[in-house]
Amino acid sequence: MLLEHPLTLTTLILDGAAILLMLCLLLFSGHLRRHKRMEGKLFFFICVLTILFAVVNAGSHAMHFRDYDTWIVAAKICRTLSDIAPMLILFQWMVFVDYTLYKSRDNLLRRYKFAFVLILLCIVMLIVNLFTGIAYEFDEELFTHAHVPFYVMLIIEYLFLLLSFFVIIQYRVRNKGQNFFMIFPFAIPVLAGVALNDIHPELGTFGIGTAVGLVMMYIFMYRGIALVDEDTGFYKADLLELLKKVPANSEIGGTGIVFTCENADEKIQKILADNKPADSIMVQLNEKDYLLLAAGQRESAIKILIECVTEEAEEAGLKISSRYERQKKGESSEEFLKKFE
Amino acid sequence: MESRNITSDNLEDYEKILDADVTENIGRDNFRGLALHKGKDDPACAALIWELKNLDEDKDNEAELVYYFAGDKKNGEQLLEEAEAEFQEDEVKRSFFEFPEDTENAESIFKQAGFHPEKREGRDITVTVGELAALDIAKGNVPDFVSPIGNLMVRQFRKGIANCMFHGKKGLLEDLASLPMSWYDPEVSCCVEADGKVNGFLLIHKMNSGKLIVELMCAIGPDYRMDILHMLRFSIKAAAEKYPEETQVILRRHNDAVKNLSARLFPGKQGETVLAGEREEGR
């Protein structure tokens, strides 16, 4: 029967491909499987949601052309779940982008409270739709015909994707154009999938678009992920080699402070994480040396930071020493970072 | 004529000629004071207080003259000559001032000393607590992540200060790092916290005269503009509860952000006319 309906068959193949892609990504990426850091958890959850979406979407499309009376309940449930999933995926994506850039959980809760309300309203609408058909109705062949509330829900989904762009633009404006994060590896396949879906509603391409986008995003981010220690969240010393390549006429940071702790353990890592100024970078150079790179150069600020870290370390029974260097005007990144080797 | 440095050790000898709001700054790391005496046992006949700026930064040192008093022109001229020598010791490259319009003899003396004085609108605008409480911004709820600095431990406060300073924020305070938490009003000054860290402050100091002055207003989180508005709302409400309506609050429009904010809150409000001037040092 499905061979008689090539678009539905294509959807099943594409959803199967999406599931396979996501499973491969999760199987081959130890980092994602372990998801020790918050960004990893968020990304992992998006991948899982994509798999779930592809499963229910495939199920929903597989029911087309079946007996209406027998399959209507299953079709409604699958369709409802496949409508909730994209909203959650794009919301989760927005949260992932925000957290990756700003590393602030409180910021997520403060910024996106409205989003929780919107999602809840949409879920309630979809549940009500099961009984009333307010968002869409099923025809004899179990295809759906959408009404206005459904399109409102679509707009909300696109809003989440749009907001992720704004978060990146906001970050780049504040951080003077640092080319930190490119959303396009994710957004282009997703938008392509969504556009195709809109042109041919029988063709479910959101799943495969999202899966391809996630894989491309992971590949794009991989180099950065590999530089971060999963346990501490600090960068590894390899980062310095990358930073040395920053062009000679740009300054990578104002100050570098090296903290040396003879008996370094999780305690000193927590102290350093607690004292690290916002938007600064902490690099673990070796077993006992940690390098903080921060934009500011005011000596009095550096001294407060060193005092606070030293006091807390001594209270924890740790021996710590420190030294700092400030990047001179015109000094290249390489010359500056060599001082910490 | 004898010149003496005004310090916290001998401050009581000069309290009669110094402004009450200036005396509390003597003893701070970046404030200097000079007085002239006719004879060893004579009281001061002239005094100058200045604040050194940019000592901690990769910029030329500057000196802002914050208080000037001289009984006559000759004393004023000598005072400025002595001060110039001190500027050279501190490697000051530029000095400037903004004094009340009617400061005695100031215009001619400073002109003679090379300052190019002129009368213009001052950078400070003064409003009352009552006027602030009447603003729309003062209405509405304050989120629970804004709290008075009195609730902070000293170490949290210092970490927050370091956090702000690493982002280039210092407000009006060259010695922000050294000022204790007790310098600021603990109930009216506030901070914003996120993820257990302080990433914004609105610090208000109550001067000897009873006036309040906003000395630092900054936030460095992703939604820093909203954070600043929340802190403003908090501080206005707290000030309205703690101080009488007529208590004066000084907003110093020292940068574009504060200029824009005060233009938005008090459109059309102008500063008083002052006598202002500047001079390149090391001529």
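Note that this is a predicted model, so its numbers are computed, not measured.

The next point concerns the overall build of chain B. When its secondary structure is counted, chain B shows seven helices and 13 strands. Taken over C-alpha atoms, the radius of gyration comes to 20 Å for chain B, in line with the 19 Å a tight globule of 283 residues would show. Structurally, chain B occupies a C-alpha span of about 60 × 40 × 35 Å along its principal axes. Out of the 283 residues belonging to chain B, those deemed buried represent 53%. By element, 45% of the accessible surface of chain B is carried by carbon and sulfur atoms, the whole surface being about 13400 Å². The positive charge centre, built from 36 side chains, and the negative charge centre, built from 55, are 3 Å apart in chain B.

Below, the discussion takes up the domain arrangement of chain A. Here the domain parsing of chain A yields domain 1 (2-226) and domain 2 (235-338). A separation of 39 Å is found between the C-alpha centroids of domain 1 of chain A and domain 2 of chain A.

In the structure shown here, the tally under the stated rule is 24 aromatic pairs over all chains. An angle of 75° between the planes, with centres 5.0 Å apart, marks the rings of tyrosine 68 of chain B and phenylalanine 110 of chain B as edge-to-face. With tyrosine 68 of chain B in strand β4 (residues 61-70) and phenylalanine 110 of chain B in helix α3 (residues 106-112), this pair connects stretches of sequence that are 42 residues apart. For the pair shown, tyrosine 68 of chain B and phenylalanine 110 of chain B are each scored as buried. Relative to phenylalanine 115 of chain B, the ring of phenylalanine 97 of chain B has its centre 5.5 Å away and its plane inclined at 65°; by these criteria the two rings are edge-to-face. In this pair, phenylalanine 97 of chain B sits in strand β5 (residues 92-100) while phenylalanine 115 of chain B sits in the loop between α3 and β6 (118-121), placing the two residues 18 residues apart along the sequence. Accessibility assignment for this pair places phenylalanine 97 of chain B and phenylalanine 115 of chain B in one class, buried. An aromatic cluster is defined as three or more aromatic residues linked by ring pairs; in this entry it consists of Phe43, Trp93, Phe96, Tyr218 and Tyr222 of chain A. Sitting above the plane of the tyrosine 136 of chain A ring, arginine 79 of chain A keeps its charged end 4.4 Å from the centroid.

Turning next to the pairing of strand β7 (residues 124-128) of chain B. Residue and element names in this part refer to chain B. Side chains of β7 alternate between two faces, with Ile125 and Val127 buried and Asp124, Thr126 and Thr128 left unburied. Relative to strand β12 (residues 248-252), β7 runs antiparallel, the two being bridged by five bridges. Note that in β12 the partner of aspartate 124 across the bridge is arginine 252.

In this complex, chain B contributes 26 residues to the contact, which on the side of chain A involves 35 residues. For the chain B and chain A pair, buried surface summed over both sides reaches about 2600 Å², with 48% attributable to carbon and sulfur atoms. When the area that chain B buries against chain A is broken down by residue, the three leading residues are Arg155, Phe166 and Pro222 of chain B, summing to 29%. Along the contact surface separating chain B from chain A lie seven salt bridges.

Counting through the fold element by element, isoleucine 127 of chain A comes out in helix α6 (residues 113-132). The spatial distance from the C-alpha of isoleucine 127 of chain A to the C-alpha of histidine 147 of chain A is 15 Å, given a sequence separation of 20 residues.

With that settled, consider the pattern of salt bridges. Once their charged atoms are close, side chains differing in charge can pair, the charge on each being opposite to the other. Scanning the model with the defined rule gives 41 salt bridges over all chains in all. Note that glutamate 84 of chain B and arginine 279 of chain B form a salt bridge whose closest N and O atoms lie 4.0 Å from each other. Here glutamate 84 of chain B, found in helix α2 (residues 73-89), pairs with arginine 279 of chain B, found in strand β13 (residues 273-280); they are 195 residues apart in sequence, far enough to count as distant. Here lysine 170 of chain B ties to glutamate 174 of chain B by a salt bridge, and the two come within 2.8 Å at their closest N and O atoms. Members of the salt-bridge network, linked through shared partners, are Arg298 of chain A together with Asp56, Glu57, Lys59, Lys170 and Glu174 of chain B.

Turning next to the packing of helix α8 (residues 184-199) of chain A against helix α9 (residues 206-226) of chain A. Residues and elements named next belong to chain A. Two elements in contact, α8 and α9, have axes separated by 7 Å at closest approach and are oriented at 170°. Looking at the two axes, α8 sits roughly antiparallel to α9. Along its contact with α8, which presents Pro185, Phe186, Pro189, Val190, Gly193, Val194 and Asn197, the element α9 presents Phe206, Gly209, Thr210, Val212, Gly213, Leu214, Met216, Met217 and Phe220. Class assignment of the residues belonging to the contact of α8 with α9 gives a composition of eleven nonpolar, five polar and no charged.

Glancing now at a negative patch on the surface. Residues and elements named next belong to chain A. Together, Asp67, Asp69, Glu140 and Glu141 make up a negatively charged patch on the protein surface. Inspection of the secondary structure puts aspartate 67 in the loop between α3 (38-62) and α4 (68-102). Residue classification places aspartate 67 among the partly exposed residues on the basis of a relative accessible area of 44%.

All names here are of chain B. By secondary structure assignment, the location of arginine 123 is in the loop between β6 and β7. Taking the C-alpha atoms as reference points, arginine 123 and glutamine 270, 147 residues apart in sequence, are found 8.6 Å from one another. With residues near it in sequence (within four places) discarded, arginine 123 still touches Glu64, Glu98, Leu251, Arg252 and Arg253. At 2.3 Å, the side chain of arginine 123 and the side chain of glutamate 64 are in polar contact.

Here the focus is the nonpolar core. Of all hydrophobic cores here, the largest spans 67 residues; its most connected members are Phe43, Trp93 and Phe160 of chain A. Going through the elements one at a time, α1 (6-28), α3, α4, α6, β1 (136-138), α7 (148-174), α8 and α9 of chain A are the ones with two or more residues in this core. Here this core takes 17 residues from α4 of chain A, the largest share from any one element. Once residues lying within four places of it in the same chain are set aside, the contact partners of phenylalanine 160 of chain A are Met87, Leu90, Phe91, Met94, Ala115 and Ile119 of chain A. Core analysis: the second largest hydrophobic core is formed by 42 residues, Leu305 of chain A together with Leu152, Leu176 and Leu216 of chain B among them.

The next subject is the sheet that holds β13 of chain B. All names here are of chain B. In space, the seven strands of this open sheet follow the order β1-β2-β3-β4-β5-β13-β6, with mixed pairing throughout. Both outer strands of the open sheet, β1 (2-5) and β6, are each paired with one neighbouring strand and no more. Taken over all neighbouring pairs, the strand axes of this sheet differ in orientation by 30° on average, direction set aside. Here eight bridges tie strand β3 (residues 44-53) to β4, and the two strands are oriented antiparallel to one another. The partner of alanine 47 across the bridge, within β4, is phenylalanine 69.

Each value, and the rule that gives it
- Positions within a chain are numbered from 1, following the residues in the order the chain's sequence is written.
- Here every chain gets a letter starting at A, and every ligand a number starting at 1, in the order they are written.
- Residue-level local features of this predicted model are given only where pLDDT is at least 70; pairs of side-chain atoms are given and counted only at 80 or more, and the full residue set underlies all totals for whole chains, interfaces and linings.
- Each side-chain value is derived from all of the structure's non-hydrogen atoms; neither hydrogens nor water enter the calculation.
- Numbering of helices and strands starts at the N terminus; helices are DSSP runs of H or I of at least 4 residues and strands are runs of E of at least 2.
- The globule rule used here is 2.2 Å times the number of residues to the 0.38 power, and the radius of gyration it is set against is calculated over C-alpha atoms.
- Note on exposure labels: buried denotes an accessible area under 20% of the residue type's maximum, exposed denotes more than 50%, and partly exposed covers the range between, all computed with a 1.4 Å probe on protein chains only.
- In these tables, accessible area is a Shrake-Rupley quantity obtained with a 1.4 Å probe, and a residue counts as shielded only by the protein chains included in the view.
- All tallies of charge rest on Lys and Arg as positive and Asp and Glu as negative; His and the ends of each chain are not included.
- Charge positions are represented by NZ for Lys, CZ for Arg, CG for Asp and CD for Glu.
- For the domains described, the bounds stem from an automatic or database domain assignment.
- Planes of paired rings set the category: under 30 degrees apart is stacked, over 60 is edge-to-face and the rest tilted, where pairs are Phe, Tyr or Trp rings (Trp by its six-membered ring) whose centres lie within 6.5 Å.
- As a reminder, the over-ring test applies to NZ of lysine and CZ of arginine, requiring each to be within 6 Å of the ring centre and within 35 degrees of the ring normal.
- At least two bridges found by DSSP between two strands are what make those strands a pair.
- Residue contacts follow a heavy-atom distance rule, with two residues in contact if any of their heavy atoms lie within 4.5 Å.
- Joining two parts hides part of their accessible area as seen by a 1.4 Å probe, and the buried area is that hidden amount summed over both.
- Note on definitions: salt bridges are taken to be side-chain nitrogens of Lys or Arg within 4 Å of carboxyl oxygens of Asp or Glu.
- As a rule, the C-alpha atoms of each element are fitted with a line to give its axis, helices using only the stretch in contact, and angles between N-to-C directions run from 0 to 180 degrees.
- Throughout, the term roughly parallel applies to angles under 35 degrees, roughly antiparallel to angles over 145, roughly perpendicular to angles from 65 to 115, and oblique to all others.
- Under the grouping applied here, Gly and all other residues not named as nonpolar or charged are polar, the nonpolar ones being Ala, Val, Leu, Ile, Met, Phe, Trp, Tyr, Cys and Pro and the charged ones Asp, Glu, Lys and Arg.
- Residues with no salt bridge and a relative accessible area higher than 30% make up the patches, which join like charges within 9 Å and nonpolar side chains (Val, Leu, Ile, Met, Phe, Trp, Tyr) within 5 Å.
- Two N or O atoms form a polar contact when they lie within 3.5 Å of each other; inside protein one atom must be a possible hydrogen donor and the other a possible acceptor, and for residues adjacent in sequence the pair counts only when both atoms belong to side chains.
- The criterion is simple. A nonpolar core is a set of buried Ala, Val, Leu, Ile, Met, Phe, Trp, Tyr and Cys residues joined through side-chain atoms within 4.5 Å.

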